Amino acid sequence: MTDSIAPLVPPSDDITAVLVLDDGTVFWGFGFGREGDTVGEVCFNTSMTGYQEILTDPSYAGQIITFTFPHIGNTGINAEDVETRESAARGLVVRDNVTEPANFRAEGHLHNWAESQGLIGISGIDTRKLTRRIRERGAPTGVIAYSAEGTFDVPALLKQAQDWPGLEGMDLAKDVTRDDTDKWTGTRWDIKDGYGALTNADVHVVAVDYGAKDNILRCLAETGAKVTVVPATATFDDIMAHKPDGVFLSNGPGDPAATGEYALPVIEKLIQTGLPIFGICLGHQLLALAFGGDTYKMHQGHRGANHPVQDLRTGKVEITSMNHGFSVDGDSLPKDVSISHISLFDKTVCGIEHADKPIFSVQQHPEASPGPQDSFYLFDQFMDMIKTHKKTA
């Protein structure tokens, strides 16, 4: 149900939620999760599955997620499909009303879980129209308000949306990073045994947590790495005190240039050590900045589990999981940094590597969760790089 700012009251008595965009567009619908209101950048995700992993991905901090697939909530919620300690997204927008779970792994209802996580949801709106609006005009700021009584102050919600500063220039890594250093031993999930545990470590990786998904850490441990996770604000000395064989720079939310104010001096020093370094998503963007490149805010971003990426080194095409609203400017990279991967949707930079140092990064999420596993090999590539470096050091 959509209209301009003109109707200040719901069009019917059963309406319990509203989404108000900063241009005055109003979508009326039905609320679920927590009652109240929330403001953020409205984006869309094209994944057909994995909504629980998406909602708990810290890279979605500051964002309201519109799911283009209409049936969200059907498979329910369980304790295994989470990517961080609590949900990171600010809200969610879905087409169909959330139904009772129908999956053998379900342990609960999306509505109840969203309420426990403080997530505000709205269903029953035209998500195709909203998605087309984002594609044509870029990601807007929006406010979701959920009131069981169906009472809304639309002008006040519009002002709230218009007053929100937006993600450009915003450092959100500090909001989602862990507070203390942590040891990680969990490995990847399988349908028979669930999650495993690392028993024999070959190398030691220090992972800098700018908003790390748990499955990234599981994939690192799966290769045989002992993983020590440090906060986003860890200093160069903090990291080196752990005597790492390699350093991993994680995904995360917000503007890489803003996070770079404290992250770049550390990464620049790490580059000079000659240690192998692997970056994903925000970590990829921060590496590009540390090399002297630039990043920019994208028109609508890439979010979904069906994004084709080409490895320019081999010509191979991988179907990948993505979640980013900023991108590396390929023309700004120095001569000793080459582009290794590109998006086949729009040719944006999806991977870089250094000519003389054991350093590489990718924009996509090779750990999936949700999404295809075409890019798992990148974790093995990092492990091989570390072992080679140890032999020659």
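Scroll up a little and you will see the structure.
The rules we used
Residue indices begin from 1 for each chain and proceed along its sequence in written order. Note on the predicted model: pLDDT of at least 70 is required for a residue's local features to be given, and 80 or more for side-chain atom pairs to be given and counted; whole-chain, interface and lining totals, by contrast, use all residues. As a convention, hydrogens and water are excluded, and side-chain values are obtained from all of the structure's heavy atoms. The numbering of helices and of strands both runs from the N terminus, where a helix is a DSSP run of H or I of at least 4 residues and a strand a run of E of at least 2. Whether two residues are in contact is decided by their heavy atoms, any of which lying within 4.5 Å being enough. Nine residue types can take part in a nonpolar core, namely buried Ala, Val, Leu, Ile, Met, Phe, Trp, Tyr and Cys, and a core is a set of them joined through side-chain atoms within 4.5 Å. Residue burial is assigned from relative accessible area. The probe radius is 1.4 Å, only protein chains are included, and a residue is buried under 20% of its type maximum, exposed over 50%, and partly exposed in between.

Asks: Mind laying out the environment of leucine 172, listing which residues take part and the relevant values?
Replies: Here leucine 172 lies in the loop between helix 4 (154-163) and helix 5 (173-176). Considered as a pair, leucine 172 and glycine 283 are 111 residues apart in the sequence and their alpha carbons are 14 Å apart. Leaving out residues up to four positions away in the same chain, leucine 172 has contacts with Ala61, Gly62, Leu167, Pro253 and Gly254.

Asks: Outline unusual backbone geometry, listing residues and values.
Replies: The residue after serine 369, namely proline 370, is reached through a cis peptide bond having omega 5 degrees. Position of proline 370 relative to the elements: it lies in the loop between strand 20 (359-362) and helix 10 (377-392). Its identity is not glycine, yet lysine 347 carries a phi of approximately 65 degrees, on the positive side. Tracing the chain through its elements places lysine 347 in the loop between strand 18 (337-343) and strand 19 (349-354). You will see that alanine 368, though not glycine, has its phi angle at about 60 degrees, which is positive. The residue alanine 368 is located in the loop between strand 20 and helix 10 in this model.

Asks: An account of the nonpolar core is requested, with residue identities and associated values reported.
Replies: Across soluble globular proteins, nonpolar side chains have a tendency to be buried as a group. Ranked by size, the top nonpolar core spans 33 residues in total, and within it Tyr210, Ile239 and Ile267 carry the most contacts. At the level of elements, strand 12 (203-209), helix 7 (236-240), strand 14 (246-249), helix 8 (256-273), helix 9 (282-290) and strand 19 are the ones that each hand at least two residues to this core. In terms of residue count, the dominant contributor to this core is helix 8 (7 residues). Formed by 24 residues, the second largest nonpolar core is a distinct cluster that contains Ala225, Val227, Val229 and Met383.

All we've got here are geometric facts, nothing functional implied.
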